[in-house]
Amino acid sequence: MKSQDGDIIFKEKYGSSAKERYLVKPPDQLNVVVCKEEKFNNVASLFTKVFLPQGYPDSVSKDYIAYQIWDTAQAFCSTISGTLATQEVLRGVGVGNKHATPLAATVTWVLKDGCGHLGKILFAYSHGTYLDAYSKKWRLYADTLNDAAMCIEIALPLFRNYITFALCVSTVMKAVVGVAGGATRAAMTQHHALRGNMADVSAKDSSQETAVNLIASFTALFIITVFGNSLFIFSLMLILHIVFNYFAVRAVCLRTLNEPRFIQVIDTYLKREVIANPCEINRNEPIIFYQLGPNLLDLKICGFQMKLGGSMAQIIKEASKASHLKEIKEIYNERKYILYPNTNYRIMYIFIKDGSTTDDILCAYFHAVLLSVTTCAINNYKLPVFHNTSELKPFAQVCKMLQSVEWSRKSGKRTGFIYEPSYELQRYVNSIATQEWQSVRSGLIQTGWDLTKHLLIVDEWRVCGEKSILNEISFEHIDFAKSTVDPQCTKAKSRKISEQKGNDLDDLMDDEMFTIEPEPSVKFRDSEERKGGKSKTNIKDTAEKDPEKKD
């Protein structure tokens, strides 16, 4: 490459910025010289270096700047509200009161700080596990709780006889905010850091917050000087603080699967035969109301409440017969997990085996949703996947067929669902999950989901393999008289599968029964099928050939 001033040997570019350098050999020299061409604003460059991570925007996620804008706005409002509330706190402990003693103020301060320390310990113990999985929710909850604490503080004149108690309550609330806010901020930072630059992202985030707090402090001082402790301004700042926080967490597009995100992905796949991308799921992820009831979202989508990683002792009252547990064990012998549907209380237990991986746990949850939906189908319980559409999707067709065959069910308990899934149905759903998980897994990777880890809440109980329990168990100290197992129980008689069951299984176990291979577009149907070509799923054709299956 040549220019009017000489030959350009090399050209350098600084990241994605407009800063460039040229290594040029002048026409009248033998040595190379460095020429700088800076196509950028010096002020903007300085701002970027001080407040943004090195390598921005390539070194952070795409949602980084949107989140930081809203986070900065909420921090500004929070600082102003906090300054106004601090004025009332100082009055509450005796500042400006000639009758107050330093000892009384010290005792009040120590008591409120002590309550705050206890609040931190207790909250971390009770909710620490959930902060990673539901970082958005707890980020929003923490700031809302912080606003509630400031409301108590600014209302201290109304509690003149209970100043110490009110301060202790507000301090406990702020302690919870400190734990939840710090933990969720770390989770957000980890998400934004793409180059292992978590410390740099965290440091620059701290710089941004410090600068905002500095500006907001002077603004609050101006407001107090001019308007006094204005209740209107305080209320306005609280409202804006909550609104900006909501927009901030909505701007984040997390790519790791937690329960609400994963179950929505599965629901979309069953209803539309596509794998939704992370941003689409994040936009629809429930933040405020998820888990305020008994796991509202999973009950709504699949009809069962999911419990992962618990102890099998939880099901002994419902399934105490050894023959029943042995049958369940045989069904999931090749799996790294065991599923047990409790139709009485609509709880799907997912027992994890020792040595399971992230992929095994994600597959277990997917499998549990399929079994939950089919169990609801045989009980004629309406779910979103069965909603009337222009054309029933393959899995909905499977569920509709299962409603008309006897081998799919057995009588349940007196409460809850009428029918329980039979062993044959559980084997059948197991075969579906085996085929479908590979397609779902490929689609998740194609659309940008991170499957190297998960954020599902899994307890620590694990089912051990045969080798680990042989020759290790002793019955010397077991009192069988107190055992929950009926000593008079006999071996359950083997169930005979009807001829219709066998015919249905032969038809439905076709290799192309429900599997739809993912494509780069992540629509699990090719263009010819979309235009009216033959579907890969032959369930409908089979039903037409065999009139008995329509009944």
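The numbering scheme is per chain: residues are counted from 1 as the chain's sequence reads. Selection of residues for local features in this predicted model requires a pLDDT of at least 70, selection of side-chain atom pairs for listing and counting requires 80 or more, and totals for whole chains, interfaces and linings are taken over all residues. Excluding hydrogens and water, the side-chain values take into account all heavy atoms of the structure.

A. Molecular detail of the nonpolar core. In plain words, nonpolar cores are sets of buried Ala, Val, Leu, Ile, Met, Phe, Trp, Tyr and Cys residues tied together by side-chain atoms within 4.5 Å. Summary of the burial criterion: residues with accessible area below 20% of their type's maximum are buried, those above 50% are exposed, and those between are partly exposed, where the area comes from a 1.4 Å probe applied to protein chains only. Within the largest apolar cluster, 70 residues are counted, with the highest numbers of intra-cluster contacts made by Phe 262, Met 306, Ile 350, Tyr 365, Val 373, Leu 402 and Leu 444. For this core, the leading source of residues is helix H13 (residues 358–378), giving 14 residues. Excluding residues within four positions of it along the chain, Phe 262 makes contact with Leu 257, Leu 362, Tyr 365, Phe 366, Trp 437, Leu 444 and Leu 456. Core analysis: the second largest hydrophobic core is formed by 14 residues, Leu 84, Ala 85, Ile 154 and Ile 223 among them. Helix numbering and strand numbering both begin at the N terminus, where a helix is a DSSP run of H or I of at least 4 residues and a strand a DSSP run of E of at least 2. Here a residue-residue contact requires only that any non-hydrogen atoms of the pair lie within 4.5 Å.

B. Region of interest: the pattern of salt bridges. A carboxyl oxygen of Asp or Glu within 4 Å of a side-chain nitrogen of Lys or Arg is what we treat as a salt bridge. One pass over the structure, following the stated rule, counts 16 salt bridges. A salt bridge links Lys 11 to Glu 20, with the shortest nitrogen-to-oxygen separation between them at 3.7 Å. Given a relative accessible area of 10%, Glu 20 falls into the buried group. Through salt bridges with shared partners, a single ionic network connects Asp 71, Arg 139, Arg 185, Asp 205 and Glu 209.

C. Quick look at the sheet that holds strand E6 (residues 337–342). DSSP calls a pair of strands paired once it identifies at least 2 bridges connecting them. Across the sheet, which stays open at both edges, the three strands sit in the order E5-E7-E6 with mixed pairing between neighbours. Sheet topology places strand E5 (305–308) and E6 at the edges, where each strand pairs with a single neighbour. The average undirected angle you get between the axes of adjacent strands in this sheet is 20 degrees. Pairing geometry for E6 and strand E7 (residues 347–352), over six bridges, is antiparallel. Paired with Tyr 337 across the two strands is Ile 352, which belongs to E7. Here, axes are lines fitted to C-alpha atoms. For helices the fit covers the stretch in contact, and angles between N-to-C directions go from 0 to 180 degrees.

D. The arrangement of the packing of aromatic side chains in detail. Put simply, two rings from Phe, Tyr or Trp (the six-membered ring, in Trp's case) pair if the centres are within 6.5 Å, and we call them stacked under 30 degrees between planes, edge-to-face over 60, tilted for the rest. Within this structure, the stated rule accounts for 15 aromatic pairs. Look at Phe 366 and Trp 437: their rings are 5.8 Å apart centre to centre, the planes differ by 40 degrees, and that puts the pair in the tilted class. Of the two residues, Phe 366 sits in helix H13 while Trp 437 sits in helix H15 (residues 423–446), which places them 71 residues apart along the sequence. The buried category is assigned to Phe 366, whose relative accessible area is 0%. Note on Trp 437: relative accessible area 2%, which makes it buried. Taken together through their ring pairs, the aromatic side chains of Trp 70, Phe 244, Tyr 246 and Phe 247 make up a single cluster.

E. Highlighting the packing of helix H9 (residues 259–272) against H15. Where H9 contacts H15, the axes come no closer than 12 Å and their chain directions differ by 115 degrees. As judged from the angle between their axes, H9 and H15 are roughly perpendicular. In the crossing of H9 with H15, the sense of the turn from one axis to the other is right-handed. Two secondary-structure elements touch here, H9 through Phe 262, Val 265 and Tyr 269 and H15 through Glu 436, Trp 437, Ser 439, Val 440 and Leu 444. In this scheme, roughly parallel covers angles under 35 degrees and roughly antiparallel covers those over 145, while 65 to 115 is roughly perpendicular and the rest are oblique. Helix crossings fall into two classes, left-handed where the near helix is turned counterclockwise from the far one by less than a right angle and right-handed where it is turned clockwise.

F. Structural detail: unusual backbone geometry. The step from Tyr 56 to Pro 57 runs through a cis peptide bond, and the omega angle for that step is 5 degrees. Within the secondary structure, Pro 57 is located in the loop between helix H1 (42–51) and helix H2 (64–92). Positive phi is not limited to glycine here, since Arg 346 has a value of about 55 degrees. Tracing the chain through its elements places Arg 346 in the loop between E6 and E7.

G. Summary view of helix H12 (residues 322–331). All of the buried residues in H12 are His 324, Ile 328 and Ile 331. The buried side chains of H12 occupy one side of the element, clustering within an arc of 60 degrees when seen end-on. Next to the buried residues of H12 lie E6, strand E8 (409–411) and H15. It is the directions from the helix axis to the C-beta atoms that the arc portrays.

H. Here's a closer look at the pairing of E6. With respect to burial, E6 is a largely interior element, six of its six residues being buried. Side chains Tyr 337, Leu 339 and Pro 341 project from E6 onto one buried face, and the interleaved Ile 338, Tyr 340 and Asn 342 project onto a second face that is buried too.

I. A look at the environment of Ile 65. By secondary structure assignment, the location of Ile 65 is in helix H2. The exposure class assigned to Ile 65 is partly exposed, which follows from its relative accessible area of 34%. When the C-alpha positions of Ile 65 and Ala 251 are compared, they lie 9.2 Å apart, and in sequence the two are 186 residues distant.

J. A look at the confidence of the model for the chain. The predictor attaches a confidence to each residue, and that confidence, scored 0 to 100, is pLDDT. Considering every residue of the chain, the mean pLDDT works out to 80; 78% of them sit at 70 or more. Within the model, the stretch residues 483–551 combines pLDDT values under 50 with 107 contacts to residues more than four positions away or in other chains.

K. Quick look at the side chain of Asp 267. Looking at where Asp 267 falls in the secondary structure, it is placed in helix H9. Ignoring anything within four residues of it in the chain, the contact list for Asp 267 reads Ile 301 and Pro 384.

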